[in-house]
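Now for the letters of each chain:
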Amino acid sequence: VRSVARSLRWVVRDDAAHVLRAHGSANNWAMGFGSVAPDSLDAIADSLRRMVERMDWWSGTVITHSLAGGTGSGMGSRLLLDIRDAYPRQWLPPAAGAPLPPGG
């Protein structure tokens, strides 16, 4: 992955952009949206702001999140709303991943 990222000059990669938390939302959308998200959203917003400030021009980004579980779906939904509020004129298409059915 690193060799591919190095070969693509348009890729902005920053290890400081990774925001990791040890807790999840126990497969509960409402908990991911309302309880877990506020704890992490400030760190995510600060990381995004630092990346945007370093760029000469930013037209938007693709937000990838899950449709299953609570952290991916609930927090992903909350993150999209907060980024849209902070950057209303930017291009923010979501790329949602659907879970694979059991046995599929």
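This text goes with the structure placed above it.
Residues numbered from 1 in each chain as written. Predicted model: local features only at pLDDT ≥ 70, side-chain atom pairs only at ≥ 80, totals over all residues. Heavy atoms only, no water.

A. Highlighting the overall build of the protein. Summing up its helical and strand segments, the protein has 3 helices and 2 strands in all. Across the protein, helices and strands are ordered from the amino to the carboxyl terminus as α-α-β-α-β. The buried share among the 104 residues of the protein stands at 25%. Within the protein, counting contacts between residues at least 6 apart in sequence, those at least 24 apart form 71% of the total. Carbon and sulfur atoms make up 57% of the accessible area of the protein, which totals about 7400 Å². (Helix = DSSP H or I, 4+ residues; strand = E, 2+ residues; numbered from the N terminus. Buried < 20%, exposed > 50% of the residue type's maximum accessible area, 1.4 Å probe, protein only. Contact = heavy atoms within 4.5 Å. Areas by Shrake-Rupley, 256 points an atom, 1.4 Å probe, with all protein chains shown as cover.)

B. Highlighting the pairing of strand β1 (residues 63-66). Across the two faces of β1 the burial differs, with Ile63 and His65 buried and Thr64 and Ser66 not buried at all. Here 4 bridges tie β1 to strand β2 (residues 94-97), and the two strands are oriented parallel to one another. Residue pairing for β2: serine 66 is matched across the bridge by glycine 97. (Pairing = 2+ DSSP bridges.)

C. Examining the nonpolar core more closely. Ranked by internal contacts, the top residues of the largest apolar core, which has 13 residues, are Leu48, Val52, Trp58, Leu79, Ile83 and Tyr87. Every element with two or more residues in this core is listed here: α2 (29-54) and α3 (71-86). For this core, the leading source of residues is α2, giving 5 residues. Discounting chain neighbours no more than four positions away, the residues touching valine 52 are Trp58 and Tyr87. (Core = buried A, V, L, I, M, F, W, Y, C linked by side-chain atoms within 4.5 Å.)

D. Region of interest: the environment of proline 94. Considering the arrangement of structural elements, one finds proline 94 in strand β2. On a C-alpha basis, the gap between proline 94 and glycine 76 in space is 9.2 Å, while along the polypeptide they are 18 residues apart. Not counting chain neighbours up to four residues away, the residues in contact with proline 94 comprise Ile63, His65 and Leu80.

E. Seen up close, the environment of tryptophan 58. Counting through the fold element by element, tryptophan 58 comes out in the loop between α2 and β1. A relative accessible area of 13% means that tryptophan 58 is categorised as buried. Between the C-alpha atom of tryptophan 58 and that of tryptophan 91, which follows or precedes it by 33 residues, the distance is 9.1 Å. Setting aside its immediate chain neighbours within four residues, tryptophan 58 contacts Leu48, Val52, Tyr87 and Gln90. Within polar-contact distance, the side chain of tryptophan 58 engages the backbone oxygen of glycine 60 at 2.9 Å. (Polar contact = N/O pair within 3.5 Å; in protein donor to acceptor, adjacent residues only side chain to side chain.)

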